Amino acid sequence: MSLQAEEPLVRRLIEIRRRLHANPELSGEEFETTAAIREWLGQEGIRIADYPLKTGLVAEIGGLREGPIVALRADIDALPIQEETGLPFASRRPGAMHACGHDFHTAALIGAAVLLKRREAELPGTVRLLFQPAEEKAKGAAQVIESGALSGVAAVFGLHNKPDLPVGTIGIRSGPIMAAADGFAVEVDGKGTHAAVPEAGLDPLITAAHMLTALQSIVSRNVSSLDSAVVSVTRLSAGTSWNVIPEKAIFDGTIRTFDEGVRAEVRRRFEQVVDGVAAAFGTTARTRWTGGPPPVVNDPRWAHSAAIAAKRAGLAVVEPKPSPAGEDFALYLKEAPGAFVFLGTNGPREWHHPAFDVDESALPHAAAYLASVALQALAELSGEKSAGSEPDEAHAEAVTRA
Ligand code: NI
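Residues numbered from 1 in each chain as written. Predicted model: local features only at pLDDT ≥ 70, side-chain atom pairs only at ≥ 80, totals over all residues. Heavy atoms only, no water.

**Considerations on the packing of aromatic side chains**
For the coordinates displayed, the defined rule picks out 8 aromatic pairs. Ring centres 4.4 Å apart and planes at 45° place the aromatic pair F184 and F270 in the tilted group. Of the two residues, F184 is situated in strand β8 (residues 180-189) and F270 in helix α7 (residues 260-280); the sequence distance between them amounts to 86 residues. Across this residue pair, the class does not change: F184 and F270 are buried. In textbook terms, an aromatic cluster arises when at least three aromatic residues are bridged by ring pairs, as seen for F184, F251, F270 and W289. Of note, K162 hangs over the ring of F342, and the distance from its end group to the ring centre comes to 5.3 Å. Over the ring of W289 we find R267, and its NZ or CZ is 4.3 Å from the ring centre. (Phe/Tyr/Trp six-rings, centres within 6.5 Å; stacked < 30°, edge-to-face > 60°. Helix = DSSP H or I, 4+ residues; strand = E, 2+ residues; numbered from the N terminus. Buried < 20%, exposed > 50% of the residue type's maximum accessible area, 1.4 Å probe, protein only. Lys NZ or Arg CZ within 6 Å of the ring centre and 35° of its normal.)

See below:
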C-alpha cells in the first residue's frame, strides 16, 4: 500500500488545515483545536490515549502486537499576530494567526495517522501521536513529557515547514538543527539624582550602555570561530524625564546557541560582564534567565533513518543550514533519541510574518514522510527488514545525503 495520500485524502487534509488556519488559538488555549483533532481522529477510528493534558492530546495506532513505541509530534498552537495574507480562509480571530504553520503540521500528522491506521494490522509496535500545545511559549513539550506520554518511547520524530525549501524537498541533518533560545532580563540598580548633579547619584543608564557594548564582545572574543552564537539586546528601558537620572535601567533580549557547552559558556560570560560592569560603575545588577528550550540535536542514527524514510516517501533529501530559531521539540530529544526535519513548503514569507503562508501541495509530502519515518523506525527497532521497496537504493541515497 502506497504512502502517498490519494486525492480525496489530500482534499480532506487541505480542508482540515484551512479550518485550523481560520480558527487559530494561542498557546495554552487550544481547546477548540483539541476538540477538532479529537473528532477527526475519532472519525478514522483512531484511539485517543489517556494522558492528562489541559489542551493538546495523544493518540495511538498499533500496539496489536508487543513491540517498540515510536512517537510523532505536531505542534498545534498559533501566534499573537494580526494576519495580513488576505486568504479566503484567513484567521477569523483578531490578533491570532497560524503564522508558523502549526496548522500545516497538525493536518500533516492527521494525514500520517490515516495512512498508518490503514496498516495498523502489520505494525510491529505502536505509533504514538503527540498533538502538542503551547510550542510558541516553549511550554507544551514539557507538559506532554509531564503527562507521561514519552514514557516507553524508543524514538521520536517531528517536522517543521520551511518556507525557503521547495515543495518536494526535506532538510535533514545529523546534530544540531535548531538553536537553544535563552531569554535574559537584566535590572541595573543605581541611585537617582538631579541630572545636573550626577556626582550625587549612580547612573544606571551609563552602566547599562557599557553593558550593552561589552556584551557584544562575548561572541567575538569568547566563542570559537568554528562555533556560533547570537547575543541580541532587544529592549532597553530607563528614566521618565529629561532632567532626572533614574534609579533603574532594565534591558532584555535573547541568546541563541547550538551547543550545550557554548551555551553554558556564553551564559557564564554574560553574567560576568553584567556583574563586572555594574561593579565598575558602583551599581548593582541582577540577571534573570527566562528558560528557553535547549538546542534541537538530532541523533545521527535516527537522522539517517529519517533520510531513508524521506526517500521512500518520494522526497528529495537536502542538508539544511541549522535555524537560529528555538523549538521545544528539543526537550523530547532529552527523553528519547530522534530527529527533527525541515519540510519544504515554498512559502512567500519567513516564520512569524503576518503574510506567512505555506504551499498546500506540500501537505501530502509531510503526511507521507511522517508515516514513512514511523514505519522505518518501527521496522528497525523491531529488528525486521525495513519496510517498503528498493531498500538498497534508498539506503545508498540516504547515506550520501544524511
Ligand atoms: Ni513553529
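**What to know about the environment of S228**
Looking at where S228 falls in the secondary structure, it is placed in the loop between α6 (217-222) and β10 (229-238). In this structure S228 comes out as partly exposed when scored by relative accessible area, which is 37%. Each C-alpha atom of the pair S228 and G291 lies 20 Å from the other, and the pair is 63 residues apart in sequence. Not counting residues up to four positions away in its chain, the partners in contact with S228 are V223, R256, T257, F258 and V262. (Contact = heavy atoms within 4.5 Å.)

**So, the nonpolar core**
Of all hydrophobic cores here, the largest spans 94 residues; its most connected members are L72, L129, F157 and Y369. In terms of residue count, the dominant contributor to this core is helix α10 (residues 363-381) (12 residues). Dropping the residues within four chain positions of it, F157 is found in contact with V70, A71, L72, R73, W302, F329, A339, Y369, V373 and A377. (Core = buried A, V, L, I, M, F, W, Y, C linked by side-chain atoms within 4.5 Å.)

**Some thoughts on the sheet that holds strand β12 (residues 248-257)**
Across the sheet, 4 strands lie side by side as β10-β12-β8-β13; this open sheet has antiparallel pairing. Two strands bound the open sheet, and with one partner strand each, they are β10 and β13 (284-290). When the angles between neighbouring strand axes are averaged without regard to direction, this sheet yields 20°. The pairing of β8 with β13 spans 7 bridges and is antiparallel. Paired with V186 across the two strands is T287, which belongs to β13. Contacts from helix α5 (residues 204-215) reach β8, β10, β12 and β13 within the one sheet, and its direction differs from that of β12 by about 10°. Its contacts with the sheet place α7 against β8, β10, β12 and β13, and it is angled at close to 155° to β13. (Pairing = 2+ DSSP bridges. Axes fitted to C-alpha atoms, helices over the stretch in contact; angles between N-to-C directions.)

**Comments concerning the confidence of the model for the protein**
Of all residues in the protein, 95% attain a pLDDT of 70 or more, and the chain-wide mean is 94. The low-confidence segment residues 385-392 (pLDDT under 50) makes 10 contacts with residues lying over four places distant or belonging to another chain. Considering only residues more than four positions removed or in separate chains, one finds that residues 398-402, a stretch of pLDDT under 50, has 9 contacts. (pLDDT = per-residue confidence, 0-100.)

**A word on helix α8 (residues 300-312)**
Taking 1.5 Å of rise per residue, 13 residues should cover 18 Å, and α8 covers 19 Å from first to last C-alpha, within 8% of that figure. Within α8, burial applies to W302, A303, S305, A306, A307, I308, A309 and A310. Where α8 begins, the side chain of D299 points an oxygen toward the backbone nitrogen of R301, at a separation of 3.1 Å. Just downstream of α8, G314 is the residue with a positive phi angle, here 85°. (Expected span 1.5 Å × (residues − 1). Polar contact = N/O pair within 3.5 Å; in protein donor to acceptor, adjacent residues only side chain to side chain.)

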